[in-house]
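Here is what each chain is made of, one letter per residue.
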Amino acid sequence: MNRYLLEIGVEELPSRFVNLAMEQIREKIEKSLSENDLKYDSLEVYATPRRLSLYINGIFDRQDDINKEVKGPSVKISFDEDGNPTKPLEGFMKSQNISLKDLEQREVKGNKYVFAIIKKRGLDAKEVLKNIIPDMIYHINLPRNMKWGGKNIKFPRPIRWIVSILNDEVVEFPFEGIPVSNITRGHRFLGSDNIVIDNVDNYAKLLEENFVILDQNRREEIIRFESKKIARSLGGEIKENKDLLEELVYIVEYPTPIKGTIKKEFLILPKEVITTTMIDHLRYTPIYDDKGELLPYFITIRNGNHDYEDIVIKGNEKVLGARLSDAKFFYEEDISKPLEDYVDALSGVNFLDKLGNMREKEERNEAIALEIGKNLEVADETLESLKRTAYLSKADLTTHMVVEFTELQGIMGSIYAKLSGEKDIVNSAIYEQYLPRFKGDDLPKTTVGSIYSIADKIDTISGLFAIDKVPTGSLDPFGLRRSAIGLINIIRNNNWELNLDSILSQALYEYVNKMGLTLNYEAVMKNLKEFFKQRIKVMLEDLDYRYDVIDAILESEDKIHIIFKKAPQVDKWFKENDRSKFVDSFERIYNLTSKVSEFKEVDAELFKEDAEKKLFSQIENIKAELEAYNNANKFYDYLNLCDSLTPYIDEFFDKVMVMDKDTSIRDNRLALINRVENVVSRIFAIEKIVLD
């Protein structure tokens, strides 16, 4: 079996770029091999900090030979009076990559046409690879691509060498003076920098002999297994942290987990301070006991073997000790006064240009939170807790600890509030205001925390929209989409019936009347509503609901918690049976009623035909049951009952002339079918449903 190997040797890549690079390599090679008709069995893509590697397994020796005939334009329009090719013929030849000598004229049904006779021997695999591999490397598009050493290629880090081998033969190609050969490099400190690969099949083995484990999945398993083993030996356990694990996998080539010790003097610090220092700053893994309490140990991943392990451990312990010593100083300074004493300093902390300082943001958040609280009719005690939460919510931003460790905002505020004797509900809400921080993160558990988190996010989103700092395309520097989705999930989780329009209006009011911000209220509100609508749409699409069902519900419903109750039921109702008769019937009604601006009350005394009497009677018969289903959010059952109207609607249109000459009869019939249409429109907009 033929096997091709590509290795792109680089200076250490940032770990966050590696997965994206591997995805692009796979996608681009799959596309190039397909476009070049070069068959293969499978692809394997691997990466370490210093290399991106690709195997093409079972690659064919050459492309298939091409032997085909393609019909072109008629002879009549292919040549001018002098026998020269016309533009239609030139375009045809260009599209087929041929010249005049490759053409024949043939008669088809009495007319002569030009035919391209294409015979082409397939290229050798090596020749194809020489073209597609350098092109692929040039088109790897990673964040912060830049030029290095006067070369034209852009890459996040300099490319130092390239390995390109088919079985045991080098596939050379020019690449800006960078060596392309069968020579790779091992571990930066433990391995050789001149490893000759005699055959592709020996590549991974040669690397491992030089302290490089090529397969990222193996490195991950080593880190996970050995770390758990160390933790168990100490009577503890580690908590799975996918982000940390992925980063560790891509910053080492030869992982060796080793244990370090935390000095007891630092264990007085809040657990969050110690773990943040270890995980976010030093990439250490904390060890916990079975109650979730921190043990005085950590695990660090060495990029190498066990040689001189004691020296490495001492070095890591020294680094951690220095960090925690600073943290201990900051903590002791911060708790020397209550949290509320830090509030005034927020006036000197800028929120965003044109949107005031953090103290002003607290005040706006309070007004929005109280509006939400009143909307939800919460107790007076909850409103008081919201006020206190708002007053203290951002105070920790001026503490020494949060200035140094910004990722601890909210966490330290909650801890300092507790030490200051604040109520537990306030302490929790200060922390919960930032939840959820990322996809899959916890939602606030308390009512106060949930309301204040919504208020904080609404204020930020509304303010940025007011100054036209809106997300565009893939750019969302302030994370507004994430904040909006978090806000929506909080409302869903609490099953709250919130009027989003009134909350957004309150937020804009705060900016205009208290901050003096000038804005086009109607335009900003319109953009905000559409922004939230699109976020809900994306969330529903991710749940694989029909796009037309989503559009139909969003057109008729603005209560977030109800939208997410309707969607699965309406989607199921449409997917399980053919609903074409239902849709056709109600669309006929919509097509008439949508042209009428005002309707009168239905008067049963004006009915002349049995069909209109039957339709009215059926609506009356099911009215109470429909109302009960709607109030219980049983929309699937509601639609089944609506469907009972379909035969009555069909009979109505078959036997009744809606646009009667008598205006009173006509208006009454329009009022009747409008009442029928309203039965469905309270669930979704029928005009948005698309039939296959």
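Basis of the calculations
- Residues numbered from 1 in each chain as written.
- Predicted model: local features only at pLDDT ≥ 70, side-chain atom pairs only at ≥ 80, totals over all residues.
- Heavy atoms only, no water.
- Helix = DSSP H or I, 4+ residues; strand = E, 2+ residues; numbered from the N terminus.
- Rg over C-alpha atoms; globule rule 2.2 N^0.38 Å.
- Buried < 20%, exposed > 50% of the residue type's maximum accessible area, 1.4 Å probe, protein only.
- Contact = heavy atoms within 4.5 Å.
- Areas by Shrake-Rupley, 256 points an atom, 1.4 Å probe, with all protein chains shown as cover.
- Axes fitted to C-alpha atoms, helices over the stretch in contact; angles between N-to-C directions.
- Parallel < 35°, antiparallel > 145°, perpendicular 65-115°, else oblique.
- Left-handed = near helix turned anticlockwise from the far one by under 90°.
- Nonpolar A, V, L, I, M, F, W, Y, C, P; charged D, E, K, R; others polar.
- Domains from an automatic or database assignment.
- Salt bridge = Lys/Arg side-chain N within 4 Å of Asp/Glu carboxyl O.
- Pairing = 2+ DSSP bridges.
- Polar contact = N/O pair within 3.5 Å; in protein donor to acceptor, adjacent residues only side chain to side chain.
- Expected span 1.5 Å × (residues − 1).
- Arc of directions from axis to C-beta.
- Phe/Tyr/Trp six-rings, centres within 6.5 Å; stacked < 30°, edge-to-face > 60°.
- Lys NZ or Arg CZ within 6 Å of the ring centre and 35° of its normal.

Asker: When you look at the overall build of the chain in this model, what are you seeing that I'm missing?
Answerer: In terms of helices and strands, the chain carries 25 helices and 16 strands. Relative to a compact globule of 692 residues, whose C-alpha radius of gyration would be 26 Å, the chain shows 35 Å and is clearly more extended. Principal-axis analysis of the C-alpha atoms gives the chain an extent of 100 × 100 × 50 Å. For the chain, with 692 residues in total, the buried portion stands at 48%. In the chain, 68% of the contacts between residues at least 6 apart in sequence involve partners at least 24 apart. Surface exposure of the chain reaches about 34900 Å², of which carbon and sulfur atoms provide 45%.

Asker: Honestly, the packing of helix α8 (residues 271-282) against helix α9 (residues 309-334) in this entry has me stumped. Any pointers?
Answerer: For any two helices packed against each other, the geometry is given by the interaxial angle and the distance between the axes. Contact pair α8 / α9: the axes reach a minimum separation of 10 Å and the direction vectors enclose 130°. In terms of their interaxial angle, α8 and α9 are classed as oblique. Seen along the crossing, α8 lies across α9 with a hand that is right-handed. On the side of α8, the interface is formed by Val273, Ile274, Thr277, Met278, His281 and Leu282, while α9 contributes Val319, Leu320, Arg323, Leu324 and Ala327. When its residues are assigned to classes, the contact of α8 with α9 shows eight nonpolar, two polar and one charged.

Asker: Would you mind showing me how to read the domain arrangement of the chain here?
Answerer: A common measure of how large an interface is: the accessible area buried when the components associate. On domain assignment, one finds that the chain holds domain 1 (2-61 + 124-210), domain 2 (66-120), domain 3 (216-335), domain 4 (339-542) and domain 5 (567-688). Of note, the centres of domain 1 and domain 5, computed from C-alpha atoms alone, are 65 Å apart.

Asker: Please clarify how the pattern of salt bridges should be interpreted in this entry.
Answerer: With the rule as written, the count across this model stands at 47 salt bridges. Put simply, Arg579 and Glu576 hold a salt bridge, and the shortest N to O gap is 3.7 Å. Residue class for Arg579 comes out buried when judged on its relative accessible area of 8%. Of the residues examined, Glu576 reaches a relative accessible area of 37% and is grouped as partly exposed. Here the residues in one salt-bridge network are Lys361, Arg364, Lys394, Asp456 and Asp459, joined through shared partners.

Asker: Would you take a moment to explain the sheet that holds strand β6 (residues 111-120) for this structure?
Answerer: Pairing between sheet strands relies on hydrogen bonds along the backbone, with the strands arranged either parallel or antiparallel. Ordered by their spatial adjacency, three strands build an open sheet running β4-β6-β5, and the pairing between neighbours is antiparallel. The open sheet has two free edges, formed respectively by β4 (66-74) and β5 (103-108), since each of these has just one partner strand. For this sheet, the mean inter-axis angle between neighbouring strands, taken without regard to orientation, is 35°. The pairing of β4 with β6 spans seven bridges and is classified as antiparallel. Residue pairing across strands places Ser74 opposite Tyr113, the latter belonging to β6. The strands touched by helix α3 (residues 87-96) within the sheet are β4, β5 and β6, with β4 carrying the most contacts at an inclination of about 160°.

Asker: Honestly, the sheet that holds strand β15 (residues 285-288) in this entry has me stumped. Any pointers?
Answerer: Strand order across the open sheet formed by three strands is β14-β16-β15, with antiparallel pairing between neighbours. Both outer strands of the open sheet, β14 (255-261) and β15, are each paired with one neighbouring strand and no more. The sheet shows a mean angle of 30° between the axes of neighbouring strands, taken without regard to direction. Across seven bridges, the pairing between β14 and strand β16 (residues 294-303) is antiparallel. The residue bridging Thr261 from the neighbouring strand is Tyr297, located in β16.

Asker: Quick question: what am I supposed to make of the packing of helix α22 (residues 610-631) against helix α25 (residues 663-681) here?
Answerer: Contact pair α22 / α25: the axes reach a minimum separation of 11 Å and the direction vectors enclose 35°. As α22 runs across α25, the sense of the crossing is left-handed. Between α22, through Glu612, Leu615, Phe616, Ile619, Glu620, Lys623 and Leu626, and α25, the contact on the second element is made entirely by Arg669, Leu672, Arg675, Val676 and Val679.

Asker: Any chance you could explain the pairing of strand β3 (residues 51-57) here in plain terms?
Answerer: Note on strand geometry: in a regular strand, side chains alternate between the two faces of the sheet. With respect to burial, β3 is a largely interior element, seven of its seven residues being buried. Judged by which residues are buried, β3 turns out to be covered on both faces: Arg51, Ser53, Tyr55 and Asn57 on one side and Leu52, Leu54 and Ile56 on the other are all buried. The sheet contact formed by strand β1 (residues 3-10) and β3 spans seven bridges and is antiparallel. What sits directly across from Ile8, in β3, is Leu52. Sheet analysis places strand β2 (residues 42-48) next to β3, joined by seven bridges and oriented antiparallel. Paired with Tyr46 across the bridge in β3 is Ser53. Taking the residues that link successive antiparallel strands as the turn, the β2-β3 hairpin has two residues.

Asker: Can you help me understand the side chain of Glu612 in this one?
Answerer: Following the sequence through the fold, Glu612 ends up in helix α22. Overall, Glu612 belongs to the buried group, its relative accessible area being 0%. Only 3.1 Å separates the side chain of Glu612 from the side chain of Arg669, close enough to count as a polar contact.

Asker: I'm lost on helix α6 (residues 216-233) in this one. Help?
Answerer: Helical geometry: 3.6 residues make up each α-helical turn, so side chains three or four residues apart lie on a common side. Between its first and last C-alpha, α6 extends 26 Å over 18 residues, near the 26 Å set by a 1.5 Å rise per residue. What α6 keeps buried is the set Gln216, Arg219, Ile223, Ser227, Ile230 and Ala231. When α6 is viewed along its axis, its buried side chains cluster within an angular range of 100° and face the same direction. Counted as exposed and oriented over 90 degrees from the buried face of α6: Asn217, Arg232 and Ser233. Where the residues of α6 are buried, they touch α1 (15-35), β2, α7 (242-249), β14, β15 and β16.

Asker: What is the right way to read the packing of aromatic side chains from this model?
Answerer: Each aromatic ring pair is specified by the distance between its two centres and by the angle formed by the two planes. Using the criterion set out here, one finds 16 aromatic pairs in the structure. Note on Phe582 and Phe586: the rings are 4.7 Å apart at their centroids and 40° apart in plane angle, and the pair reads as tilted. With Phe582 and Phe586 both in helix α21 (residues 580-593) and four residues apart, this pair spans about one turn of that helix. Residue classification places Phe586 among the buried residues on the basis of a relative accessible area of 1%. One aromatic cluster is present, built from ring pairs that chain together Trp573, Phe574, Phe582, Phe586 and Phe684. It is Lys239 that lies over the ring of Tyr288; its NZ or CZ is 4.1 Å from the centre. Sitting above the plane of the Phe564 ring, Arg492 keeps its charged end 4.0 Å from the centroid.

Asker: Where do I start with the environment of Asp290 in this structure?
Answerer: Among the secondary structure elements, Asp290 is positioned in the loop between β15 and β16. Taking the C-alpha atoms as reference points, Asp290 and Pro471, separated by 181 residues in sequence, lie 44 Å from one another.

Asker: How do you make sense of unusual backbone geometry when you look at a structure like this?
Answerer: Negative phi is the rule for most residues except glycine; trans is the rule for most peptide bonds. Going from Leu435 to Pro436, the amide bond is cis rather than trans, its omega being -10°. With respect to the helices and strands, Pro436 occurs in the loop between α14 (424-432) and α15 (447-466).

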